[in-house]
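# Geometric and topological summary
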Amino acid sequence: MKRKKILGSIFEWLGKLVITHPKAIFVFFILVTIGMFLFAIRVRVNPYLLLLLPENDPEVAEYENLNKFIGTERSFIIGIYTGGKIEKGKKFAREIVAKLNSMEGLVSYIHNNNSPELMKTYGMYFLSKSDLHSLKKDLDNFNSSIQGLSKSIALSSFVKIFSSIDNFQTYIDKLTINPEDIKDNSYIISKNGNMILIYACMTHKANDMAFVNMVIPRLRKAIDILNKKYNLPYRFAGRYEQIYEANQQGNIDLMMTLILSLICVVFLFYIFYRNVLLSIGILCSLGISVIWTLGFVRLSYGYLNLISISIVVILIGLGMDYGIHLTNKFMNLRYRRKTVDESIYAAISQTGISIFGGVLITVFAFLSLSFLNFPALSQIGLISAVGAIFSFTSMIGFFPSILLIFKKYIDKQSPEAPITKKIYKWYDVFLNKHYKRIIDISIIVTLIFTYFTVKLLTSYDYNLSSLFNPHRDSSILARDIAKEFQIKSLAQVVVLADSINEIERITGELKTFEYAGKINSIFDILPSSVDDEKISLVNDVCKRLKGISNNVLLRMVIKKYGLESMVLKPLLPQDRPSLMEEIYKIYNKGLPYSMKREYIVKSGNSIRYSINLSPNVDIYENNNLKSFLEALRKYDLHFIGYPILQYKLMKLIQDNMIIAFLLVLTVVFVMVWLVVARTWAALLSLSMLLLSINIMFGAMYLLGLRINLVTFVVSPLIIGIGINSLVRILDRYLEKEGNKIGILITEMSKTLTLSSLTTITAFAALVFTQTRLLADLGLSMIIGIASCYFVAEILLLAILKRKGK
């Protein structure tokens, strides 16, 4: 009681402040809104998957390091559909490659099908081990003899070394790299010639949205100009295009849901109250809360992720809930012929306390999510908590100030009574008569829906890609590539090995893997005779050759005998620290492209070999991702790759959602207990929330929805939003000492009905977006809010009726 007296005094002071200084408050809100608007308009959606994972995650760090070499997160693919016009397509592809090469600072490199420099570097490996041992021995003898013998003997000895290796040039010339894949330089053509692919690697990672949004339109414009004389259809794919498409669609969805939900909820509000000024006031107040929150997002995070993009709809739902309760109190007092000032003062000082209790619980419920070390939930938790505070502030400050400034327009309108009470009177009689039966039926329904909830939770969908639009360009091209090149999946996982022998061992193990498709490693381009011993021999020989090459006189002789281009240039660059370092540098310049990536990467200070495994099934269909990665666990190997991180994200969401769910429930229980000061009331509200979520999941299963990334996130959001109606009913019940449920129905039903309808309408805007992720979230939230409404309006009132008896 003491807490309520203190809060009552605070809200009485707020009521007086708003009444005495409405213009000052109005100006304050406008000025702050203008400032926040400058930040809000710069908020963009960043759909980069790794932003949803913890920053300090070691597997993310490994993947980021690997990507410095394999370039997946900087990949960009251009697919040209030739329609049988192969020569025309080749010319178009060459012009595109030339254009890409001219874009300094944008394109890092283009993968080549044929690299002469790479061939020359591997020439040494074609020598037999006996030749290498003999060459090493001759070089050692030459090094020792050069110290004491005459120069002429030394020079003839050097010539003898190279002339003793039969046809050394032929060893280099015979080297070829995957001859079946070599069609032309810098692009690859499908077997039937219907498609040409160009694979490029950009200079920035795909999470740099400013760069992505600059480079993709620029590339499209440049290629469109080149295509005027060829008129061939083409599409983009790769990580860059995926991120760009998701970003563009996300920004469109953000604006569409904001505008559509605002228009719909305000129109619904107008239908209930038939008052233009009230509707305009609500609209402006909602707009202020959204602008402030988006401004906060820009200042704190700078972007919205795949989940927090729904924040505008959450804000509109919460803001309408607060505004409707204030409006209902205000209109009831106006119906009793109270003045505008008196009505606003009473609405703020009396209803404001009840609203504040719900706000407090909602804020702490959302805020608890922000302490999770999981950006997918912590971001939306913090933003929703801050947004709830802004929504309450605008409704308790700006909304009344508008009504006071323009009160003469309200006075000219006849205050209307609320919607007829006949329905509420009938419901009161029905509840009095059948409350026991309602409780019994609710128990049966709970048991039935629990069965469906369990079925839903055991059908968790691990495929994040199923949540995106399958009709976007990158998705279509990916399917066409898989069809044209007869590839089951473009996804890959990588294993790093320290030696050639280890590559052989791992490759042998993976060949027994049930989901193994293509297994690619450095063996694809090295002779089969190469092993760790040969690599060591080649390194030793190269060191000796480098030492010899530093002799100026010997260089002159080498040039005289025509050995310079054959030996020194390809094998002895002056900045070469080791042979493997040299190979690594060459890999950065160009690789054969046959749906593979680089095979040599840096891991710390050492260089390691990579083994790329492609699955023989499409892992993004029928939950194959889970089956594929769980089968990999049978092998005592450490895998890295995008599918690993995607699976980890889905698992983290599954695991963290349980923690988040329990955390939010605990916070809600404590806060409800503090607000209503009754343990039984806090336990009752908790049980009603659990029942609502149970019904929501059961209904989702019956409607054919699967539990996935976004539908799992719904449960803590529903707790944060749904608790408001439960707390208000309990708070009002305790005020009335439980004497008359009919008073609760008369006073609360209209506001709860309208509040639920407007929130459902707000989330309905998400259902019409092109992003399936948001559409699923919207539909799930609609089911959840409807469940909370029916549980509060039917079961909770029936339980309170029975308690009163």
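This structure is a prediction, so every number in the text was calculated from the model and none was measured. (Residues numbered from 1 in each chain as written. Predicted model: local features only at pLDDT ≥ 70, side-chain atom pairs only at ≥ 80, totals over all residues. Heavy atoms only, no water.)

A separate point is the overall build of the chain. Regarding its fold elements, the chain presents 28 helices and 12 strands. Summing over all exposed atoms, the chain offers an accessible surface of approximately 34,200 Å²; the carbon and sulfur share of this is 59%. (Helix = DSSP H or I, 4+ residues; strand = E, 2+ residues; numbered from the N terminus. Areas by Shrake-Rupley, 256 points an atom, 1.4 Å probe, with all protein chains shown as cover.)

On to the environment of Ile-402, then. Along the chain, Ile-402 falls in helix α14 (residues 375-405). Every residue in contact with Ile-402, bar those within four places of it in the chain, is listed here: Phe-26, Leu-277, Gly-281 and Cys-284. (Contact = heavy atoms within 4.5 Å.)

Before going further, it helps to spend a moment on a nonpolar patch on the surface. Residues Phe-37, Leu-38, Phe-39, Ile-41 and Leu-299 make up a contiguous nonpolar surface patch of about 470 Å² in total accessible area. With 3 residues, the top contributor of residues to the nonpolar patch is helix α2 (residues 22-40). Within the secondary structure, Phe-37 is located in helix α2. (Patch = residues over 30% accessible without salt bridge, like charges linked within 9 Å, V, L, I, M, F, W, Y side chains within 5 Å. Salt bridge = Lys/Arg side-chain N within 4 Å of Asp/Glu carboxyl O.)

Looking at the chain, pLDDT values average 76 and 75% of them are 70 or higher. Every residue in residues 163-184 scores below 50 in pLDDT, and together they form 43 contacts with partners more than four places removed in sequence or on other chains. (pLDDT = per-residue confidence, 0-100.)

It is worth spelling out the pairing of strand β2 (residues 75-81) at this point. Within β2, 7 of the 7 residues are buried, leaving the element largely enclosed by the surrounding structure. Burial of β2 is two-sided: the residues Ser-75, Ile-77, Gly-79 and Tyr-81 facing one way and the residues Phe-76, Ile-78 and Ile-80 facing the other way are all buried. Sheet topology places β2 next to strand β5 (residues 195-202); 7 bridges connect them, and they run antiparallel. Bridge assignment links Tyr-81 to a residue of β5, and that residue is Met-195. Two strands pair when backbone bridges link them, and β2 and strand β6 (residues 234-237) are joined in this way by 4 bridges, in the antiparallel orientation. The residue bridging Ile-77 from the neighbouring strand is Ala-237, located in β6. (Buried < 20%, exposed > 50% of the residue type's maximum accessible area, 1.4 Å probe, protein only. Pairing = 2+ DSSP bridges.)

Our focus in this paragraph is the pattern of salt bridges. Throughout the structure, instances matching the rule amount to 9 salt bridges. For Lys-229, the salt bridge is made with Glu-95, and the minimal N-O distance between the two is 2.8 Å. Of the two residues, Lys-229 is situated in the loop between α9 (209-226) and β6 and Glu-95 in helix α4 (residues 86-102); the sequence distance between them amounts to 134 residues. Owing to a relative accessible area of 56%, Lys-229 belongs among the exposed residues under this scheme. One salt-bridge network, in which partners are shared between bridges, spans Glu-502, Arg-505 and Glu-509.

The next thing to look at is the packing of aromatic side chains. Under the counting rule described, the total for this entry stands at 23 aromatic pairs. Between Phe-28 and Phe-29, the aromatic rings sit 5.7 Å apart at their centres with planes inclined by 85 degrees, giving edge-to-face as the arrangement. Taking the relative accessible area as the measure of exposure, Phe-28 reaches 48% and is therefore partly exposed. The exposure class of Phe-29 is buried, given its relative accessible area of 4%. With a centroid separation of 6.3 Å and 80 degrees between ring planes, the pair formed by Tyr-515 and Phe-628 is classed as edge-to-face. (Phe/Tyr/Trp six-rings, centres within 6.5 Å; stacked < 30°, edge-to-face > 60°.)

Where helix α13 (residues 340-369) meets helix α24 (residues 642-676), the axes come as close as 9 Å, and the angle between the chain directions of the two elements is 155 degrees. With respect to each other, α13 and α24 are oriented roughly antiparallel. Seen along the crossing, α13 lies across α24 with a hand that is right-handed. Contacts from Gly-357, Leu-360, Ile-361, Phe-364, Ala-365, Ser-368 and Leu-369 of α13 reach α24 at Ala-660, Leu-663, Val-664, Val-667, Val-668, Met-671, Val-672 and Val-675. (Axes fitted to C-alpha atoms, helices over the stretch in contact; angles between N-to-C directions. Parallel < 35°, antiparallel > 145°, perpendicular 65-115°, else oblique. Left-handed = near helix turned anticlockwise from the far one by under 90°.)

Right, let's talk about α4 for a bit. Between the first and last C-alpha of α4 there are 24 Å, a value that for 17 residues agrees with the 24 Å anticipated at 1.5 Å per step. Within α4, the full set of buried residues consists of Gly-89, Lys-90, Phe-92, Ala-93, Ile-96, Val-97 and Leu-100. What you see down the axis of α4 is that its buried residues fit within an arc of 165 degrees, all on one side. (Expected span 1.5 Å × (residues − 1). Arc of directions from axis to C-beta.)

On to helix α12 (residues 311-335), then. Given a rise of 1.5 Å per residue, 25 residues ought to cover 36 Å, and the 36 Å separating the end C-alpha atoms of α12 matches this to within 8%. Within α12, 22 of the 25 residues are buried, leaving the element largely enclosed by the surrounding structure.

Turning our attention to the environment of Leu-629. With respect to the element layout, Leu-629 can be found in helix α23 (residues 624-632). Separated by 14 residues in sequence, Leu-629 and Pro-643 place their C-alpha atoms 8.2 Å apart. Residues within four places of Leu-629 in sequence aside, it is in contact with Val-493, Pro-643, Ile-644 and Tyr-647.

The next thing to look at is the side chain of Asn-227. Within the fold, Asn-227 resides in the loop between α9 and β6. The class for Asn-227 is buried, based on a relative accessible area of 10%. Within the structure, Asn-227 has its side chain in polar contact with the backbone oxygen of Leu-232 (distance 2.8 Å). Excluding anything up to four places from it in sequence, Asn-227 contacts Phe-92, Leu-232 and Tyr-234. (Polar contact = N/O pair within 3.5 Å; in protein donor to acceptor, adjacent residues only side chain to side chain.)

Let us now look at the nonpolar core. Counting 222 residues, the largest nonpolar core has Ile-78, Ile-80 and Val-668 as its most contacted members. Counting residues per element, this core draws most heavily on α24, at 18 residues. Those residues within four positions of Ile-80 in sequence are excluded, and the remaining contacts are Gly-89, Phe-92, Ala-93, Ile-96, Asn-194, Met-195, Ile-196, Ile-198, Leu-232, Pro-233 and Tyr-234. Counting residues in each nonpolar core, the second largest holds 12 residues, with Ile-77, Tyr-81, Met-195 and Ala-237 among its members. (Core = buried A, V, L, I, M, F, W, Y, C linked by side-chain atoms within 4.5 Å.)

The next point concerns the packing of helix α11 (residues 276-300) against α12. Interaxial distance between α11 and α12 falls to 10 Å at its minimum, and their mutual angle equals 145 degrees. Handedness of the α11/α12 crossing: right-handed. For the pair formed by α11 and α12, the contact residues are Leu-278, Ile-282, Leu-286, Ser-289, Val-290, Thr-293 and Leu-294 on the first element and Ile-311, Val-312, Leu-315, Ile-316, Gly-319, Met-320, Gly-323, Thr-327, Phe-330 and Met-331 on the second. Within the contact of α11 with α12, the residues separate by chemical class into 12 nonpolar, 5 polar and no charged. (Nonpolar A, V, L, I, M, F, W, Y, C, P; charged D, E, K, R; others polar.)

On to unusual backbone geometry, then. For Asn-231, which is not a glycine, the phi torsion comes out positive at approximately 55 degrees. Tracing the chain through its elements places Asn-231 in the loop between α9 and β6. Looking at Asn-231, the relative accessible area reads 67%, which means it is exposed. Backbone geometry at Arg-274 places phi at a positive 50 degrees, although glycine is not the residue there. Here Arg-274 shows up in the loop between α10 (238-273) and α11.

Position of Ala-347 relative to the elements: it lies in helix α13. Given a relative accessible area of 4%, Ala-347 falls into the buried group. The spatial distance from the C-alpha of Ala-347 to the C-alpha of Gly-15 is 8.2 Å, given a sequence separation of 332 residues.

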